[in-house]
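# Close look at the chain arrangement
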Amino acid sequence: MKQLPKIALGAWAWGNDGTFGNNLTAETLKPIFDKAMASGLNLWDTAYAYGMGTSEKVLAGFLQNLPRESYLVSDKFTPQCANPASPTAMADMIEMQLKLMNLDQFDIYWIHNVWDAPKWTQELAKYFEGKDKVPLLGVSNHNLAEIKQADEILKAHGLKLSAVQNHYSLINRSSEDSGILDYCRENDIHFFAYMVLEQGALSGKYDTRHPMPEGSERGKTYNPVLDKLEVLNGALKKLADKYQVGAAQIPVAWAIAKGTLPIIGVTKVSHVEDAVKAANVVLTPEEMAELEQVADKLNINTIRFWEKEMK
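A few points on the structure.

Thresholds applied
- Residues numbered from 1 in each chain as written.
- Predicted model: local features only at pLDDT ≥ 70, side-chain atom pairs only at ≥ 80, totals over all residues.
- Heavy atoms only, no water.
- Helix = DSSP H or I, 4+ residues; strand = E, 2+ residues; numbered from the N terminus.
- Rg over C-alpha atoms; globule rule 2.2 N^0.38 Å.
- Buried < 20%, exposed > 50% of the residue type's maximum accessible area, 1.4 Å probe, protein only.
- Contact = heavy atoms within 4.5 Å.
- Areas by Shrake-Rupley, 256 points an atom, 1.4 Å probe, with all protein chains shown as cover.
- Pairing = 2+ DSSP bridges.
- Phe/Tyr/Trp six-rings, centres within 6.5 Å; stacked < 30°, edge-to-face > 60°.
- Lys NZ or Arg CZ within 6 Å of the ring centre and 35° of its normal.
- Salt bridge = Lys/Arg side-chain N within 4 Å of Asp/Glu carboxyl O.
- Expected span 1.5 Å × (residues − 1).
- 1 Å grid on protein atoms, 1.4 Å probe; cavity = no way out; pocket = protein on both sides within 12 Å on 5 of 7 lines; lining within 4 Å.
- Points joined across faces, edges and corners; volume = space filled by probe spheres on them.
- Nonpolar A, V, L, I, M, F, W, Y, C, P; charged D, E, K, R; others polar.
- Polar contact = N/O pair within 3.5 Å; in protein donor to acceptor, adjacent residues only side chain to side chain.

### Considerations on the overall build of the chain
- Looking only at helices and strands, the chain features 12 helices and eight strands.
- Its C-alpha atoms give the chain a radius of gyration of 19 Å, within 12% of the compact-globule value 19 Å for 311 residues.
- Structurally, the chain occupies a C-alpha span of about 50 × 40 × 35 Å along its principal axes.
- Looking at the chain residue by residue over its 311 residues, the buried ones come to 56%.
- Sequence-distant contacts, at least 24 apart, represent 78% of the contacts inside the chain between residues at least 6 apart.
- Accessible surface for the chain amounts to roughly 13,800 Å². Of this, 51% is attributable to carbon and sulfur atoms.

### Side note on the pairing of strand S7 (residues 190–194)
- Counting buried residues along S7, four of its five residues qualify, which places the element largely inside the surrounding structure.
- Pairing geometry for strand S6 (residues 163–167) and S7, over five bridges, is parallel. Bridge pairing in S7 places Val164 opposite Phe191.
- As paired strands, S7 and strand S8 (residues 261–265) are joined by three bridges and run parallel to one another. Looking at the pairing, Phe192 lines up with Leu261 of S8.

### Topic: the packing of aromatic side chains
- Scanning the model with the defined rule gives 11 aromatic pairs in all.
- The interplanar angle of 85 degrees and the centroid separation of 4.9 Å between the aromatic rings of Tyr127 and Phe128 together place this pair among those described as edge-to-face. Each member of the pair, Tyr127 as well as Phe128, carries the same accessibility label: buried.
- These aromatic residues form a ring-pair network of at least three members: Trp14, Phe33, Trp44 and Phe62.
- One cation-aromatic arrangement involves Lys131 over Tyr127; the distance from NZ or CZ to the ring centre is 4.2 Å.

### A look at the pattern of salt bridges
- Evaluation of the coordinates by the stated rule reveals 15 salt bridges.
- We note a salt bridge from Glu176 to Arg173, for which the minimum N-O separation is 3.2 Å.
- Since its relative accessible area comes to 22%, Glu176 is described here as partly exposed.
- Residue Arg173 is classed as buried on the basis of its relative accessible area of 12%.
- Put simply, Asp296 and Arg173 hold a salt bridge, and the shortest N to O gap is 2.9 Å. Placement of Asp296 in helix H12 (residues 285–298) and of Arg173 in the loop between S6 and helix H6 (174–177) is noted, with a sequence separation of 123 residues between them.
- Residue class for Asp296 comes out partly exposed when judged on its relative accessible area of 47%.

### Digging into helix H9 (residues 226–243)
- The terminal C-alpha atoms of H9, which comprises 18 residues, lie 25 Å apart, in line with the 26 Å expected from a rise of 1.5 Å per residue.
- Turning to H9, its buried residues are Leu226, Leu229, Leu232, Asn233, Ala235, Leu236, Leu239 and Ala240.
- The inward-facing, buried residues of H9 abut helix H8 (217–222), helix H10 (249–257) and H12.
- Where H9 ends, the next residue or the one after it, Gln244, has phi of about 55 degrees, a positive value.

### Things to note about empty space enclosed by the protein
- Under the criterion given, the structure shown has one cavity of 30 Å³ or more.
- Around the largest cavity, the lining residues are Asn141, Asn166, His167, Asn172, Ser174, Ser175, Tyr194, Ile303, Glu307, Lys308 and Met310.
- Of all elements in the fold, only S6 and H6 reach the threshold of two or more residues within the lining of the largest cavity.
- Split into classes, the residues belonging to the lining of the largest cavity amount to three nonpolar, six polar and two charged.

### Section: the side chain of Asn141
- The residue Asn141 is located in the loop between strand S5 (136–140) and helix H5 (144–155) in this model.
- Taking the relative accessible area as the measure of exposure, Asn141 reaches 6% and is therefore buried.
- For Asn141, the side chain forms a polar contact with the side chain of Tyr194, separated by 2.5 Å.
- Sequence-distant contacts of Asn141, that is, excluding residues within four places in its chain, are made with His112, Asn113, Val114, Glu146, Gln165, Asn166, Tyr194, Trp306, Glu307, Lys308 and Met310.

Below, the structure written as structure tokens:
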């Protein structure tokens, strides 16, 4: 397995599924991809569910002429996109995705959520059991008990759980409070933190005078609590000024310092430039504790409709 970078780049928005709007094209995304690769950020996180293959197709187009060893692809089995009655549903989806992306293997492959997850983890294990090349196998949106169960299923087939991907940010630390981060550290499991910036809510870009786009899914979630978020963004700006970076770099630097690998959605070249800067910021324990105290006092709940509290 190639060395993982400090940050993964997320292609969720590239699916144009309405969550972030639907105005992204391969032409506008290509400079973003090129900048990332030139900056050493070569781990790309996608899923068939992101626009029913749209994100994967766009990413595949950018990867097609590059040496395979120059990039890493993280993809997912989304149970809701499979045919649960088919005995070959797991193999069908993996092979369909590989063909869609013109790859012979993924570097990381996930069970996307907990819908009938034990069954699908069992199928995942059967598919990769005995194979010479096995990607890092992971689960997403799982609580601690579900993570342990997935680990046991994989071990029974001579495999191991190597990655966990959950929503984790300054205003959603339930994967920490529930013991998931500790379990991952103790068992050599990479913890991937998605929505570290809460879809831009912790970027310093939005406030009560400048809300998120009307009608967007993220606008519905964050616009009602922008007054609270202004308090946290104020604390982020103070540290950003100290380290001479933008406010958006601080939550990412915090997530890296917590021992996680943040997944940053990129829809502009500046997002990549910001990610590079964030990877070079080292916060002190005191600064991290102060940020967490400010965030905890706000008592904001950003658990989305597809998620749950990690208890």
